[in-house]
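Tertiary structure, described
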Amino acid sequence: MDYEKIESLLKKVKPIVEENKKNRAKREVAGEFFNIFSILNVERDEVHTHSAMLSELLNPKGSHGQSDAFLKLFLKDVVHKEDLNTQAAEILTEFSIGSISEDETSGGRIDLAIQFPDYLILIENKIDAGDQANQLLRYNNYAKETKKKYKLLYLSKDGHEPSEYSTGTKKENRYWYCISYSKHIKGWLEDCQSVANCPSNVRETIGQYIHLIEKLTGQENYFMEKELIDLIDLMEANLEAAIAVSDNMQKLTNKLWEEFKKQIKDIAAEKECNITDGYWDFWANDRLLCFTPKTHKEFHVYFGTYTGDDGPAYWLKKDGVNTRQKKLNCMQGEPGDDWPYGWCYFEDRYFYWNNTVLLAIKNGELKAYIAKCLATILDELEGNNWNI
């Protein structure tokens, strides 16, 4: 391995990165990252943000004033069926198909339904929520009962397959179609922006929603186009060194991850906690880390995920408490059986566990963030005399 070439490449990359930081700072001052969804803290709300936004754009009578233009593009780009009477379409959100039956084969609420006189499109919308028992199976049974031709779409951030827990069968027997925000919805929205008569306020709102999707799916471009081209050209010109850097990235990640484990132990010592449970691996979909106060061992503060799709969060548990309790003031989400006092997602900058998190580990930002979250929970417990 030619270390001089690698060192030379890294020295050439550094000014490109620094120039990009300056340009991003200028864009921030100019308001280019202004996003109403982020400001209102509704980025991950499946019902009131994503289903609502999609249904409004799909509705021929929507306030966008574009009649059925957006719906036609959706049928063309996503559903691949263009022979439907779009003017007669009815768009429904949280569409009830009855109470869930005892055997869980019928009933429920469908996130988004597009009804035509002779066709039906049902969309199960997944941002963070997990699958429910026989969820797609119930929706498929309903669609068959209508006697209409239909298509059942499973929409997720990355287009992954639903679980057998939801479908009731193996994917070889599929009756559903997988679509993604990252590809299908983003592509459709970009086409919506290009509609000739689309008003500027509608186009701008769609643009902010596209940016939100890029953020949620990890597609935000760190580099501006010019710097990105310069970086690629530089790597191509120094391809051997670039490959060597890439090949050793995992070793660097493992090294920094070991450092992060030491940081976690420092947090535990500072907050007088034991690390009592957990499987914490940078490369895993499932991560779990637990702090237990030494003076109140019945309480446990968890950081991590149950599945990679849910995203990292933190929550509090207490020995012997397995039902919903009053939500702590410091929590964001409503209590559930697995998080009886509520829960909070990690901040967006730490939401995607990819190589960008390594910077936060190296400069200590992630350690400080976890310490702050832990302290917030412990302070509220102490303020309640540990009586909750």
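Here, the structure is the one placed above.
Residues numbered from 1 in each chain as written. Predicted model: local features only at pLDDT ≥ 70, side-chain atom pairs only at ≥ 80, totals over all residues. Heavy atoms only, no water.

With respect to the overall build of the protein
We apply this condition: Per the convention used, a helix needs a DSSP run of H or I reaching at least four residues, while a strand needs a run of E reaching at least two, with both numbered from the N terminus. To sort residues, take the accessible area from a 1.4 Å probe on protein chains only and compare it with the maximum for the residue type: under 20% means buried, over 50% means exposed, and anything in between is partly exposed. Only the protein chains shown count as covering a residue, and every accessible area follows the Shrake-Rupley method with a 1.4 Å probe. Counted charges follow a simple rule, with Lys and Arg positive, Asp and Glu negative, and His plus the chain ends left uncounted. Note that the charge is assigned to NZ on lysines, CZ on arginines, CG on aspartates and CD on glutamates.
Of the regular secondary structure elements, the protein holds 13 helices and ten strands. Among the 388 residues that make up the protein, the fraction classed as buried is 45%. Here the protein displays about 20800 Å² of accessible surface, and carbon together with sulfur accounts for 49% of that area. Averaging the positions of the 49 positive and the 63 negative side-chain charges in the protein gives two centres separated by 1 Å.

A word on unusual backbone geometry
A positive phi angle, close to 55°, is found at Asn41, a residue other than glycine. Look at Glu272: it is not a glycine, yet its phi comes out positive at around 55°. Relative to the assigned elements, Glu272 resides in the loop between helix H11 (249–270) and strand E6 (273–279).

Overview of helix H5 (residues 135–145)
To keep things clear, this is the line we draw: Any two residues having at least one pair of non-hydrogen atoms within 4.5 Å are treated as being in contact.
Along H5, nine of the eleven residues are buried, which leaves the element largely enclosed by surrounding structure. Turning to H5, its buried residues number three or more, namely Gln135, Leu136, Leu137, Arg138, Tyr139, Asn140, Asn141, Tyr142 and Ala143. In this fold, the buried residues of H5 make contact with strand E1 (90–96), strand E2 (109–116), strand E3 (119–125), strand E4 (149–156) and helix H6 (164–167). Immediately beyond the C-terminal end of H5, within one or two residues, lies Lys147, with a positive phi of roughly 65°.

Some words on the sheet that holds E3
Inclusion rule: Two strands make a pair as long as DSSP finds a minimum of two bridges between them. To obtain an axis, a line is fitted to C-alpha atoms, over the contacting stretch when the element is a helix, and the angle between two such axes runs from 0 to 180 degrees between their N-to-C directions.
Taken in spatial order, the five strands make up an open sheet running E1-E2-E3-E4-E5, and their pairing is mixed. In the strand order of this sheet, the two ends are held by E1 and strand E5 (177–180), each with one partner. Between one strand axis and the next, the sheet turns through 30° on average, direction left out of account. Sheet analysis places E2 next to E3, joined by five bridges and oriented antiparallel. Paired with Ala113 across the strands is Leu122, a residue of E3. Relative to the sheet, H5 contacts E1, E2, E3 and E4, its axis offset from that of E3 by approximately 170°. Strands in contact with helix H7 (residues 181–193) are E3, E4 and E5; relative to E5, the strand with the most contacts, it is inclined by about 70°.

What is shown is where atoms sit, not what they do.
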